[in-house]
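Reading the structure
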Amino acid sequence: MSDKPKILILDDEEDLLATYKDLLTNLPSKPEIYTTTNGARAVAMLDAEQFSLLITDLHMPEIDGFQVLAIVRRRFPELKILAISSVLEEQYRARAYSLGVDMCWQKPGTENEIKMFFDCIESLLEERPSEGFRGIQNKSLVDLIQLECICRNSTTLKVISGGIEGKIYILDGEIIDAEFGNLTGDIAFKKLISLKKGSFEYLPAVTERERKIFSSTDGLLLDAAQTIDETTAEDKSEVPDASETGDRTALVKPVIAMSKIDGVDFILIGELKSPQPSDSWGVDDSKNLHKWISNTVQLWRSFGDKFLCGELKDIFLYGHHCKVVLKTKENKLLCAGFKATVNNETIPNLMKDVIALWV
Amino acid sequence: MGLTKAKKDQSIKLIITKPGSFTVDANGNILSSTLPLSVPDKFIEIIIHNVLETFLTARASGLIFEEVIIQFIGLKIVAREMRGGALIHLTPLKP
Amino acid sequence: MKTSKLDDLISQIEIYIENWKQLNHFINLARERRSAQDKKYFSPEEESQFLDVKSLLAQQLECILSYFPAETPPISREEIFNVITPLTALRSTIEINEATLRGIENQWHKIFIQLQSILGQLKVQRQKIKSKSLFSIFSKKK
């Protein structure tokens, strides 16, 4: 895995994004630069992998930069954020700083300003985050548990933080019990989940463990997210344990794996006739998109059935702003969106890579 | 496996045996066509309806497309949007 | 010309222009393939689509011309054929030298502008008929 810092740039001007990308790639720390013109996609990208820095424009005609900032700051407290704007008025600067932005910049114009701007970026990149779980820094326990549950794994997750040890017991993707000090069950789970830093270790699953947690995983994680929000402000006491006892390659959801394919802009997977998608990445209104995909596929399937054209294989839809491929397999649907810059002729090949990851 | 495939192939009936194209306006009226008259009207009617519907519903969902390719095992439909109408190419495929 | 007939003609010319653009798309495609290092050739499907586009242009032209008096067509059939005829097939378009291709392209563009101009004239005509009929409605109300 690359040690290079990752920078995500959000700006509505594609030309400017390309310029930033060219310039920032040459910084001394040689960061990996990712760009997007879409706020929702920026959040999805931040969700999918760990970034060191987000550079975002505050004034974009179709996205409210402040709204993005509010979401990002809440969901990724450790992420460094640099806000830029062509006109930086005091009120905007104050508002941006109040949202937890690390630095505000007016878009640099002169050579000197550009140099200073890059120096600032380099200095932000040098500041390393101190929280998170060792090995998977900046990943919360919620993320780790979510991965195990999605993959329907059986394991025991041992968490060590500030000298206290705890365990979360997962069987076939379901959380069956937890222990933290003298506590067990739901209370122990809540305590554990609110830990922000420490180390973890995967132990073999304990099949004979008595089940004390009966809530659904989704419900538990939702409650946990609330607990984390409540404790974020007060919890500053834990110190990471010195001994990191284990590491493990995180198993990733198919949509996230698909999103890493070069040129992929968004992904949606679902089922025909289902009211909403099973999962999506980089989609603003997944329910609406799923509905449209489902209707379109059914429209053409019934045509194929009526005139004996054989099975519907794919539907390719090309536009100047987006390129989409719909793929069906029995009742399952896959929709892959590709960036406008991707050549139409290469899309069928890219689609093969996407399909390979379709579970 | 082989049997399933054979069964699937048998269910494909090629309505057109040679490629052909036609243009339609936004109301679905055919303006010009290279398809033989033997091609059933219903077949063309449904293609026109589905193509225009696909462009229209996509637009309503915020997706603007200029070209749609629908690929069946036995038929490929390529449609290019033209001011609410379309230029539609039909190519029979050998299953 | 009646408004409905005029609307039909406008719609036909609009679609014709879009189809005319397809021709340019194929010329560009040929140029792109010619300059590509791996010199990719055209598939039978692309050749067939190209042939169909030319056929549809020829057919549709007759439909459009049928709206006008035969002695005063708004656009010359010969000029259009001068663009279509040399482009026999995509594979041969690749072999056409750049100067000839540019000449065809200039001719293509000239016709494109002519078509737009006819479209504009028809739209003005429609506007006049509409305002005339509006005027007659209002005068009847008085």
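Residues numbered from 1 in each chain as written. Chains lettered and ligands numbered in written order. Predicted model: local features only at pLDDT ≥ 70, side-chain atom pairs only at ≥ 80, totals over all residues.

1. Details of the packing of helix 2 (residues 39-48) of chain A against helix 3 (residues 65-75) of chain A
Residues and elements named next belong to chain A. Viewed as axis vectors pointing N to C, helix 2 and helix 3 meet at an angle of 15°, and their least axial separation amounts to 10 Å. With respect to helix 3, the axis of helix 2 lies roughly parallel. The crossing of helix 2 and helix 3 is right-handed. In contact with Gly-39, Ala-42, Val-43 and Leu-46 of helix 2, helix 3 contributes Val-68, Ile-71 and Val-72. Among the residues forming the contact of helix 2 with helix 3, the class breakdown is 6 nonpolar, 1 polar and no charged. (Axes fitted to C-alpha atoms, helices over the stretch in contact; angles between N-to-C directions. Helix = DSSP H or I, 4+ residues; strand = E, 2+ residues; numbered from the N terminus. Parallel < 35°, antiparallel > 145°, perpendicular 65-115°, else oblique. Left-handed = near helix turned anticlockwise from the far one by under 90°. Contact = placed C-beta atoms within 7 Å. Nonpolar A, V, L, I, M, F, W, Y, C, P; charged D, E, K, R; others polar.)

2. So, the interface of chain B and chain A
Opposite the 27 residues of chain B that make contact, chain A presents 26 residues. Those elements that place two or more of their residues in the side of chain B that touches chain A are helix 2 (41-60) and strand 3 (67-72) of chain B. Broken down by element, the side of chain B that touches chain A gets its largest block of residues, 7 residues, from helix 2 of chain B. Here the residues of the side of chain B that touches chain A sort into 15 nonpolar, 7 polar and 5 charged. Bridge analysis of strand 14 (residues 312-318) of chain A against strand 3 of chain B gives 6 bridges, and the strand direction is antiparallel. Of the residues in strand 3 of chain B, the one forming a bridge with Tyr-318 of chain A is Glu-67 of chain B. (Pairing = 2+ DSSP bridges.)

3. A look at the nonpolar core
The nonpolar side chains of a soluble globular protein tend to be buried, and buried together. By size, the foremost hydrophobic cluster in this structure holds 100 residues, and its most contacted members are Leu-8, Leu-54, Ile-267, Cys-335 and Ala-336 of chain A together with Val-51 and Ile-88 of chain B. Considering each element in turn, this core owes the most residues, 8 residues, to helix 1 (residues 3-35) of chain C. Counting the residues that make up this core, at least three belong to each of domain 1 (6-129) and domain 3 (254-356) of chain A. Among residues more than four places away in sequence, those in contact with Cys-335 of chain A are Leu-268, Leu-289, Ile-293, Val-324 and Leu-326 of chain A. (Core = buried A, V, L, I, M, F, W, Y, C linked by C-beta atoms within 7 Å. Buried ≥ 20, exposed ≤ 12 C-beta atoms within 10 Å, placed from the backbone. Domains from an automatic or database assignment.)

4. Regarding the confidence of the model for chain A
Residues and elements named next belong to chain A. For chain A, the mean per-residue pLDDT works out to 78, and 81% of the residues sit at or above 70. Low pLDDT, under 50, characterises residues 129-138; the stretch is placed with 28 contacts to residues that sit more than four places away or in other chains. Note that residues 233-251 has pLDDT below 50 and, in this model, 33 contacts with residues that lie over four places away or in other chains. (pLDDT = per-residue confidence, 0-100.)

5. A closer look at unusual backbone geometry
Notably, Leu-308 of chain A is not glycine yet its phi reads approximately 50°, a positive angle. Of note, Leu-308 of chain A is situated in the loop between helix 10 (286-306) and strand 14.

6. Side note on the sheet that holds strand 5 (residues 103-106) of chain A
All names here are of chain A. Strands sit in the order 2-1-3-4-5 across an open sheet of 5 strands; the sheet is parallel. Either end of the sheet is taken by a strand with one partner, and the two such strands are strand 2 (32-36) and strand 5. Here the strands of the sheet are splayed against their neighbours by 20° on average, with no regard to which way each runs. Where strand 1 (residues 6-10) meets strand 2, 5 bridges bridge the pair, whose relative direction is parallel. Looking across to strand 2, one finds that Lys-6 is bridged to Glu-32. Contacting strand 1, strand 2 and strand 3 (53-57), helix 2 crosses the sheet at an angle of about 165° to strand 1.

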